[in-house]
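A closer look at the structure
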Amino acid sequence: MLLAFCYPIFTIFNKPKFVGNIPLLYLYVVISWLLAIILLLVSSEIKPSKKLQKGKDE
Amino acid sequence: MSNSIIIICSLLYLMLLFGVAYYAEHQLKKGKSIINNAYVYALSLCVYCTAWTYYGSVGRATTNGISFLTIYIGPTIMAALFFPVLRKIIRITKAQRINSIADFISTRYGKNASLAAVVSVFCIIGVLPYIALQLKAIAISFDILTKNAISGNNFFSDNTLYFTVFLAVFIIIFGTRSVDATEKHEGLVAAVAFESVIKLVAFLVAGVFVTYGIFNGFNDIFLKANQIDELKKLFTLNGDNVNAGWFSGILLSMMAVLFLPRQFQVGVIENVNEKHLKKAVWLFPIYLFVINIFVIPIAFGGKLVFQNMPIDADTFVLALPLHFNKPLLSMLVFLGGFSAATSMIIVETIALSTMVSNNLVMPFLFRQQNFKTSIDKSIRRTILYIRRFSIILILLFAYLYDQYVAQYFSLVSIGLISFAGVAQFAPAIIGGIYWKTASKNGALVGIIVGFFIWFYTLILPSIAQAHLINESIISNGPFNIWWLKPQSLFGLEGFDSITHALFWSMFFNCTAYFVFSVYSKLIPQEVYQAEIFVDIDKYNSPGSDSIWRGTAYMPDLFSLLENFLGKERANNLIQNYAHRHKIAIDFGSKADPRIVSFSEKILAGVIGSASARIMVSSVTKEEELSLNEVFKILHESQQMIELNKELRKKSIELTKATEQLREANLQLKTMDELKDEFLYTVTHELRTPLTSIRSLTEIVHDNPDLVDEEREKFLGAVVKETERLSHLITKVLNLEKYESGKQKLNLTSFDMNLLVKDLYTSYKLVANEKAINLTITQPNSMLLLHADKDLVQQVLVNLISNAMKFTPEQGKIHIVISDLQNEIQVSIMDTGKGIAKELHELIFDKFFQAKNQTIKKPVGTGLGLAICKKIIEMHGGKIWVESEIEKGACFTFTIPNFEPGNTLIEHNESSI
Amino acid sequence: MSQAYKILVVDDDPYILMSLEFLMRKNGFDVIIARNGTETLELLEENVPDVVLLDIMMPDVDGYAICKHIKSSIKHKECKVVFISAKSKEADIQKGYDLGAELYITKPFSNKDIVNKITALLD
């Protein structure tokens, strides 16, 4: 996750270009941030519950 | 807007806050905890967003573009590490009854008092300006709202003082209820969570207003900004080493979100249940994301609107609604900023005051011999007073700093400077929970060195900028030594000051921490604490934590606890603990070592672990433990825990097995009983014909002089009874065959309609003889059924002959056969004397009359209906009776007419 | 035997009733028969038998109830009750004696045996 927000991937998008009227860099940050949050949501709400069940089985 | 309206609104808001806190405490008294909720927990974490976020982000965006976002992306990344890091910290904190971040570090490194003091002092130095910044934000926003203009930094308003006093009262009321600092501050946390909602809503409303009210959406703003060079360049990140700056920003905020005293307070100390983390992991980042959506639009919008006006970009959020003459909106925005500031002040002050009282004042007091000897019940009041006094002191200093010092400094980056300050705790904490070799010396030296460099590279330059010291130190280095220049230490140039400071401070901090840890000799207490912290899950079991050895007397220990906790509470705690661990307590004699350890931990919750150590050792005679002994104890307690776990598992298994055995036994017993009953009933049913057979044959045998007529009568009866007997035996054997599943269904397809019709015809004759009116209703078509024809016929015969038996002369019997889509239904109605409702189910039991009844079923073997039921069930159908006494009976059964195939066979198998 | 003893035979099974009736008449008893509980109670209104041979399981009123009736009636205080039942469990037999019955004979019975027992009971 850290990788997505830092050098060197970050530099790829650090350019004065636009997607529609939205600056490329902004769009990139917003989208990757959202993806990160979704990743967190999925991993915390799904994986730990499985672990919990396993724990119960033991 | 007039001064008084704003003051009234602010006070009303504070009252509301009061209400929320009071309500939460009130609910708690009723047993309902508001903060025991994952959403409230996640919202309380959002105390991370202060006035600095609320106003400052926009300001930073106007000069540095999206670099302000690092402060929020960092925590998002950290959220991914909540489970391995934060959860572990929470577990340790709960197990060790830790009450602040300073307490955490000192407890880890052998409960060292000086370490706790150092951390506390650094926290205060690092965070006090940050609190001042919040006060300043309140003052400036207040100022803008009243005068609709920007005044200079030297604005002085007594309103700030009032608010500060009010906050102090608020914090004292809801923050110092109990001496036990590990107890949750229900009201405060609820209030903080509430404020998180307010500030988010206010900022979003302002953002929507600017983006869609003033402008025409995001596109519009970006299009317009693109035409202005100053804004256009903000679309990308510019400058030297911009990547390093971006990275260090993220790293810094990752550490800050855990180790800022206020974050540690809400995230760790006030955490009610570690399961709340699961939701916080994604809710907290979502909050940060949402609150930042409109920062860029507001920044650009402000720039576009106030192009040539001298308006501070930090105030755009408030200035824009004011400029467009929206008083209500402005008020809301002001209150949003106000809430951001107050929530930060509240939590930070609580955290700092605990540190001041527990780690600075009390260890000092407890070292004074005459204070220590004079401890009595009033100590609790004293502790509370110390804490209240600390709160007032902290807020007073923050106020004074704001009023008299802050004006000399640029406050812009004070937030980041604070972040860099608390980042110095990261090595000691993270290392502390994962690296057993880490030592007190390592932590102490690391933190001090880190802080010194932090001070040297970040604070010193700002002091110099304020012309308080000679500026040449900055430009030429002290004593003209170029490589000591604070902003380019050792010649490291080209980075922004924060990145530069972070790099060097962390470099030396980590190096010192590592080197001193590796090369210093650990004392037993450190080894023990290291084990407990790193392997918390192995030792996280109450009662396993005693490495104490020596002589302690219960009365001394108890009076110590009594002084700090009150008699009742102390007594409860000790009794409960003793009960849980099966320790016999004799209040007049020596104390069990576990009780001593437990008491120390309880005290640690009140006065911090270092002070608790001092207090407990003052009433006990402790023996020094060697390292080997510590290891032995650790090993034993670990084994004990594992043994316990194993035992618990075994005992659960055993309980399960016993339960199963009991059930099986019960089942066997019922089966046995059923079998006995059946046998008894069978023999009983056999006895009746046997009786007459025996008696009648004896008569014939003993009376050779019988007249032929009589002899014939008797012998005829014998023949009939013999038939009855063999009939009965056949039925019993049949039933047994069906029940045991030995009977295989001989499935064929046949026309049910025809079968019933044939039976009807053959019974019609018998019926006519008895003057019974037998009728039938049946469809014209074929009703194909896939079943065992003989068995189905047996059922029909049984039901029809039963009906004939019970129907008196001139009665009626009516047979109805119908096709119900998936099944064929046959009903046989008679006008007999009917069956009582309570018997409707019983009559399908074999020998139903045997069940403690002496009333006999009229005629028959008592097996016919049981056999019918069995046969119908084997075909997957149902059989039942509808009847009332004297109103006849209607027996009905259904058989599913499946396609010749698997379903039926499956059912058949399952009935086996 | 100056006067023949009056005996009431009660059983819902017609063949058992048939054989008991023949047996008792053959042995000089004055026999009346009943095929169910209701009939028995009716007959007891009009007759005062010296002994009642009583089946227990009957479709309407059971033998225990009839025994209770007899034992609680002053009119029948001299009447002896002999249960003849297929119920052979210890508890059922005990219940019969508890209700005041003089004898409990389980089915199937031996003719000689039953006649001997009843004569002995009356002498």
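You'll find the structure just up there.
About the criteria used
- Residues numbered from 1 in each chain as written.
- Chains lettered and ligands numbered in written order.
- Predicted model: local features only at pLDDT ≥ 70, side-chain atom pairs only at ≥ 80, totals over all residues.
- Heavy atoms only, no water.
- Contact = heavy atoms within 4.5 Å.
- Buried area = accessible area lost by both parts, 1.4 Å probe.
- Salt bridge = Lys/Arg side-chain N within 4 Å of Asp/Glu carboxyl O.
- Helix = DSSP H or I, 4+ residues; strand = E, 2+ residues; numbered from the N terminus.
- Nonpolar A, V, L, I, M, F, W, Y, C, P; charged D, E, K, R; others polar.
- Disulfide = S-S within 2.5 Å.
- Polar contact = N/O pair within 3.5 Å; in protein donor to acceptor, adjacent residues only side chain to side chain.
- Buried < 20%, exposed > 50% of the residue type's maximum accessible area, 1.4 Å probe, protein only.
- Axes fitted to C-alpha atoms, helices over the stretch in contact; angles between N-to-C directions.
- Parallel < 35°, antiparallel > 145°, perpendicular 65-115°, else oblique.
- Core = buried A, V, L, I, M, F, W, Y, C linked by side-chain atoms within 4.5 Å.
- Pairing = 2+ DSSP bridges.
- Expected span 1.5 Å × (residues − 1).
- Bend = angle between axes of the 7 residues up to and from the residue.

Moving on to the interface of chain B and chain A. The interface is formed by 35 residues belonging to chain B together with 28 residues belonging to chain A. Together, the buried faces of chain B and chain A total about 2900 Å²; carbon and sulfur atoms form 78% of this surface. The interface formed by chain B and chain A contains 0 salt bridges. Elements with a minimum of two residues in the side of chain B that touches chain A: α4 (70–79), α10 (217–225), α12 (242–259), α14 (277–292) and α15 (295–305) of chain B. Counting residues per element, the side of chain B that touches chain A draws most heavily on α14 of chain B, which supplies 9 residues. Split by residue class, the side of chain B that touches chain A holds 27 nonpolar, 6 polar and 2 charged.

The next thing to look at is the state of the cysteines. Under the defined criterion, the tally for this structure stands at 0 disulfides over all chains. The cysteine C46 of chain B is free of any disulfide, with C49 of chain B supplying the nearest cysteine sulfur at 6.0 Å.

Another aspect to go through is the interface of chain B and chain C. Across the boundary between the two partners, chain B contributes 26 residues, which contact 28 residues of chain C. A buried area of about 2500 Å², summed over both sides, lies between chain B and chain C, and 61% of it is on carbon and sulfur atoms. Run the count over chain B and chain C and you get 2 salt bridges. Along the contact surface separating chain B from chain C lie 9 residue pairs in polar contact (both at pLDDT 80 or more). Contributions of two or more residues to the side of chain B that touches chain C are made by α31 (627–702) and α32 (708–740) of chain B. When residues of the side of chain B that touches chain C are assigned to their parent elements, the largest contribution, 12 residues, is made by α31 of chain B. Among the residues forming the side of chain B that touches chain C, the class breakdown is 8 nonpolar, 8 polar and 10 charged.

To continue, consider the pattern of salt bridges. For the structure on display, the rule yields 18 salt bridges over all chains. Across the pair E600 of chain B and K111 of chain B runs a salt bridge whose closest N-O atoms are separated by 2.8 Å. Residue E600 of chain B is located in helix α29 (residues 593–607), and its partner K111 of chain B is located in the loop between α6 (101–108) and α7 (113–147); the two are separated by 489 residues in the primary sequence. By relative accessible area, E600 of chain B is classed as buried at 6%. Here R724 of chain B ties to D13 of chain C by a salt bridge, and the two come within 2.9 Å at their closest N and O atoms. Here D13 of chain C lies in the loop between β1 (6–10) and α1 (14–26) and R724 of chain B lies in helix α32, a pairing that spans two chains.

Here the focus is the packing of helix α5 (residues 82–96) of chain B against helix α25 (residues 524–534) of chain B. Residue and element names in this part refer to chain B. One way to put it is that α5 packs onto α25 with a least axis distance of 9 Å and a crossing angle of 130°. Between α5 and α25, the angle is such that the two are oblique. The residues of α25 that touch α5, namely those facing K88, I92 and Q96, are Q529, I532, F533 and V534. Counted by class, the contact of α5 with α25 contains 4 nonpolar, 2 polar and 1 charged residues.

This part is about the nonpolar core. Among the nonpolar cores identified, the biggest contains 181 residues, and Y26 of chain A together with F82, F300, F419 and F425 of chain B are the most heavily contacted of them. A per-element tally of this core places α7 of chain B first, with 18 residues. Once residues lying within four places of it in the same chain are set aside, the contact partners of F425 of chain B are I101, I105, V119, F122, C123, F259, I447 and F451 of chain B. Counting 52 residues, the second-largest nonpolar core is a separate cluster that includes L728, I815, V826 and C868 of chain B.

Here the focus is the environment of V10 of chain C. Residues and elements named next belong to chain C. Positionally, V10 belongs in strand β1. For V10, a relative accessible area of 2% translates into the label buried. C-alpha separation for the pair V10 and I32, spaced 22 residues apart in sequence, amounts to 8.8 Å. Not counting chain neighbours up to four residues away, the residues in contact with V10 comprise L17, A34, N36, T40, V52, L53, L54, D55 and M58.

Once that is clear, we can look at the sheet that holds strand β9 (residues 889–896) of chain B. All names here are of chain B. Spatially, β4-β6-β7-β9-β8 is the arrangement adopted by the 5 strands of the open sheet, whose pairing is mixed. Here the strands that pair on one side only, and so sit at the sheet edges, are β4 (773–777) and β8 (878–883). Pairwise comparison of adjacent strand axes, ignoring direction, gives a mean angle of 15° for this sheet. Strands in contact with helix α34 (residues 789–806) are β6 (812–820), β7 (823–830), β8 and β9; relative to β7, the strand with the most contacts, it is inclined by about 20°.

Residue and element names in this part refer to chain B. Across its 41 residues, helix α17 (residues 327–367) extends 57 Å between first and last C-alpha, which sits within 8% of the 60 Å expected from 1.5 Å per residue. Of all the bends in α17, the largest measures some 35° and sits at V361, one to four residues before the proline P363. Of all 41 residues that make up α17, 34 are buried, and the element is covered over most of its length.

Let's shift gears to the environment of K303 of chain B. Residues and elements named next belong to chain B. Within the secondary structure, K303 is located in helix α15. A relative accessible area of 25% places K303 in the partly exposed class. With 10 residues separating them along the chain, K303 and A313 place their C-alpha atoms 7.7 Å apart. Apart from residues no more than four positions distant in its own chain, K303 is found in contact with T62, E230, L231 and F316.

The subject of this paragraph is unusual backbone geometry. Cis rather than trans, the peptide bond between K107 of chain C and P108 of chain C has omega equal to -10°. Positionally, P108 of chain C belongs in the loop between β5 (103–106) and α5 (111–122). Residue R97 of chain B is not a glycine yet carries a positive backbone phi of 50°. If you trace the backbone, R97 of chain B turns up in the loop between α5 and α6. For R97 of chain B, a relative accessible area of 21% gives the class partly exposed. Here the phi dihedral of A771 of chain B falls at roughly 60°; this positive angle occurs in a residue that is not glycine. Along the chain, A771 of chain B turns up in the loop between α33 (752–769) and β4.

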